[in-house]
Amino acid sequence: MSKIKAAITGVGAYVPEYILNNHELSQMVDTSDEWIMSRVGIKERHILKGEGLGVSYMGERAVKQLFEKTGVSPDDIDLVLCSTVTPDMPFPATASIIADKVGIKNAFHFDINAGCSGFIFTFITAAKFIESGHYKKVLLVSAEKMSGITDYTDRTTCPLFGDAATAVLIEPTTDDNSGMVDYIAKSDGFGRNHLYMKGGGSCYPASQQTIDNKMHYIYQDGQTVFKNAVSNMADVSVEIMERNNLTADDLAWLVPHQANMRIIDATARRMGLSPEKVMINIQNYGNTTSATIPLCLWEWENQLKKGENIVLSAFGAGFTWGTILLKWAYDGDKI
Ligand code: UT7
């Protein structure tokens, strides 16, 4: 019998209604649509408004959409993993909060913080549970409220990020023509000095001083992150093609993390892929951290065909980076 592999069998998402466009941003800080479009490629981003609403609010809605689409019931789920850098609160895990909100009672749950590589790392983790043969339905929630940690007086970071949540169902398959084929996951703690939020943890618990020093906002050394993202994301994406004897012609899609159009272009170029094989929606959502890749899968789902070779690739805080090669498990237009 063929080996058990982990397959994506459904995708749901939720994006908040409010849209913050470049015009509105240019009235808040010294920036312009021209600068943001040419240097990053973002036109607008969705922002969650409302007192006391965190990522679980969006995650709950993404999961409910997934359940509705797939016909899966909360009782069927046996593991919930949530990737986020913006949990509802430091503890308990946001995975547990979402599980409770949607009525999941027969599962265990925990969060994974791997920055923008969060979806890649949770999918790999889920695959190990699935491949063990003991877990049949794993729910991956990638949920980020980046607006909650963004300084809207800092023009170097505030145009970049947006809010969104996604929910992905992972199930076992023994079909040679579907499921995760290979992965590469990497981290280098050198990156901790270049992309972080310093306040609110055990080193610097929230205080008047941490607030005055703006320590509850994202800090990013953009150029260092950019250089490392370009080389590392492209390196692993090319390596996974080579070690599986795949050329650009064999790939149906690249699904890259959506942080900067120039990083996406550089990765696609190194892989020899033509632009029409690259999923790009950064212009509509900005960088939603760990939600970017599943948000693309959700938007492109009805174009995906069973057996297609797809490469997912990301780079983010840590630094963390990685790639997954998978064969898509169902015809998306039949959903
Ligand atoms: O998802 C997690 C991983 N994150 C990433 O992958 C992001 C990686 N980094 C980047 O995408 C880019 O570095 C940024 C988009 C963050 C910045 O783009 P850049 O081309 O690296 O710009 P820069 O930081 O080198 O700044 C160039 C100039 C500076 O002005 P001077 O010093 O040359 O006069 C900045 O002050 O652009 C200025 N600038 C802006 N101008 C207008 C920076 N932000 C803005 C802005 N509007 N929003």
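Residues numbered from 1 in each chain as written. Predicted model: local features only at pLDDT ≥ 70, side-chain atom pairs only at ≥ 80, totals over all residues. Heavy atoms only, no water.

**A few points about the overall build of the protein**
Item 1. When you go through the protein residue by residue, the secondary structure sums to ten helices and 13 strands.
Item 2. Against the globule reference of 20 Å for 335 residues, the protein gives a C-alpha radius of gyration of 19 Å, in line with a compact fold.
Item 3. The C-alpha extent of the protein, read off along each of the three principal axes, is 60 × 45 × 35 Å.
Item 4. Relative to its full complement of 335 residues, the protein shows a buried share of 54%.
Item 5. Put simply, the protein shows about 14200 Å² of open surface, and 51% of that area lies on carbon and sulfur atoms. (Helix = DSSP H or I, 4+ residues; strand = E, 2+ residues; numbered from the N terminus. Rg over C-alpha atoms; globule rule 2.2 N^0.38 Å. Buried < 20%, exposed > 50% of the residue type's maximum accessible area, 1.4 Å probe, protein only. Areas by Shrake-Rupley, 256 points an atom, 1.4 Å probe, with all protein chains shown as cover.)

**Quick notes on the sheet that holds strand S6 (residues 138-145)**
Item 1. The five strands lie next to each other as S1-S7-S6-S4-S5, forming an open sheet whose pairing is mixed. The open sheet has two edge strands with one neighbour each: strand S1 (5-14) and strand S5 (108-112). Sheet twist, expressed as the average angle between the axes of neighbouring strands with direction ignored, equals 20°.
Item 2. As paired elements, strand S4 (residues 79-83) and S5 share five bridges and run parallel to each other. When the bridges of S5 are listed, Val80 appears paired with His109. (Pairing = 2+ DSSP bridges. Axes fitted to C-alpha atoms, helices over the stretch in contact; angles between N-to-C directions.)

**Observations concerning the packing of helix H3 (residues 55-70) against helix H4 (residues 94-102)**
Item 1. Orientation of H3 relative to H4, taken along the N-to-C sense of each, is 50°, at an axis distance of 9 Å. Our classification of the angle between H3 and H4 gives oblique. Viewed along their axes, H3 and H4 form a crossing whose handedness is right-handed. Across the interface between the two elements, Val55, Ser56, Tyr57, Gly59, Glu60, Val63, Lys64 and Phe67 from H3 touch Thr94, Ile97, Ile98, Lys101 and Val102 from H4.
Item 2. Grouping the constituent residues of the contact of H3 with H4 by class yields seven nonpolar, three polar and three charged. (Parallel < 35°, antiparallel > 145°, perpendicular 65-115°, else oblique. Left-handed = near helix turned anticlockwise from the far one by under 90°. Contact = heavy atoms within 4.5 Å. Nonpolar A, V, L, I, M, F, W, Y, C, P; charged D, E, K, R; others polar.)

**Things to note about the nonpolar core**
Item 1. Membership of the largest hydrophobic core comes to 39 residues, with the highest contact counts inside it found for Leu251, Leu254, Met271, Leu273, Val311 and Phe315.
Item 2. Listing elements by their share of this core, those giving two or more residues are helix H7 (222-243), helix H8 (261-271), strand S12 (309-316) and strand S13 (320-327).
Item 3. At seven residues, the largest contribution of residues to this core is made by H7.
Item 4. Residue-level mapping places this core at the junction of two domains, with at least three residues from each of domain 1 (5-173) and domain 2 (179-334).
Item 5. Here Leu254 is in contact with Thr267, Ala268, Met271, Leu273, Lys277, Val278, Met279, Val311 and Ser313, once residues within four sequence places are set aside. (Core = buried A, V, L, I, M, F, W, Y, C linked by side-chain atoms within 4.5 Å. Domains from an automatic or database assignment.)

**A closer look at the site of the ligand**
Item 1. Neighbouring residues of the ligand: 23 residues in total, closest Thr31, Arg39, Gln223, Asn260 and Asn287.
Item 2. Within the side chain of Trp35, one N or O atom sits 3.3 Å away from a nitrogen atom of the ligand.
Item 3. One of the side-chain nitrogen or oxygen atoms of Arg39 is found 2.7 Å away from an oxygen atom of the ligand.
Item 4. When the free accessible area of the ligand is taken as 950 Å², the share hidden by the protein chains comes to 73%.
Item 5. Looking at the shell around the ligand, the elements that each hand over two or more residues are helix H2 (33-39), H7 and H8.
Item 6. The dominant element in the shell around the ligand, judged by the number of residues it contributes, is H7, at four residues.
Item 7. Class assignment for the residues of the shell around the ligand results in eleven nonpolar, eight polar and four charged.
Item 8. There are two domains that each give the shell around the ligand at least three residues, and those are domain 1 (5-173) and domain 2 (179-334). (Near = heavy atom within 4 Å. Polar contact = N/O pair within 3.5 Å; in protein donor to acceptor, adjacent residues only side chain to side chain.)

**So, the sheet that holds S12**
Item 1. In spatial order, the strands read S8-S13-S12-S11; together these four strands make up an open sheet with mixed pairing. Pairing within the sheet leaves two strands with one partner each, and these edge strands are strand S8 (179-187) and strand S11 (253-256). For this sheet, the mean angle separating the axes of adjacent strands, direction not counted, is 10°.
Item 2. Helix H5 (residues 118-131) rests against S8, S12 and S13 of the sheet, and its axis sits at about 125° to S8.

**A closer look at the domain arrangement of the protein**
Item 1. With domains assigned, the protein is organised as domain 1 (5-173) and domain 2 (179-334).
Item 2. Both faces combined, the contact of domain 1 with domain 2 buries some 4000 Å², and carbon together with sulfur accounts for 66% of it.
Item 3. On the domain 1 side of the interface with domain 2, the three residues burying the most area are Cys116, Ile120 and Ile149, jointly 16% of the side's total.
Item 4. Here domain 1 and domain 2 share two salt bridges between them.
Item 5. A salt bridge links Lys214 to Asp151; the nearest nitrogen and oxygen atoms lie 3.4 Å apart.
Item 6. The interface formed by domain 1 and domain 2 holds 19 residue pairs in polar contact (both at pLDDT 80 or more) in total. (Buried area = accessible area lost by both parts, 1.4 Å probe. Salt bridge = Lys/Arg side-chain N within 4 Å of Asp/Glu carboxyl O.)

**Comments concerning H7**
Item 1. An ideal rise of 1.5 Å per residue puts 32 Å on 22 residues; H7 measures up with 31 Å between its terminal C-alpha atoms.
Item 2. Taken as a whole, H7 has its buried residues at Thr224, Val225, Asn228, Ala229, Asn232, Met233, Ala234, Val236, Ser237, Val238, Ile240 and Met241.
Item 3. After H7 finishes, the residue Asn245 shows a positive phi value of roughly 55°. (Expected span 1.5 Å × (residues − 1).)

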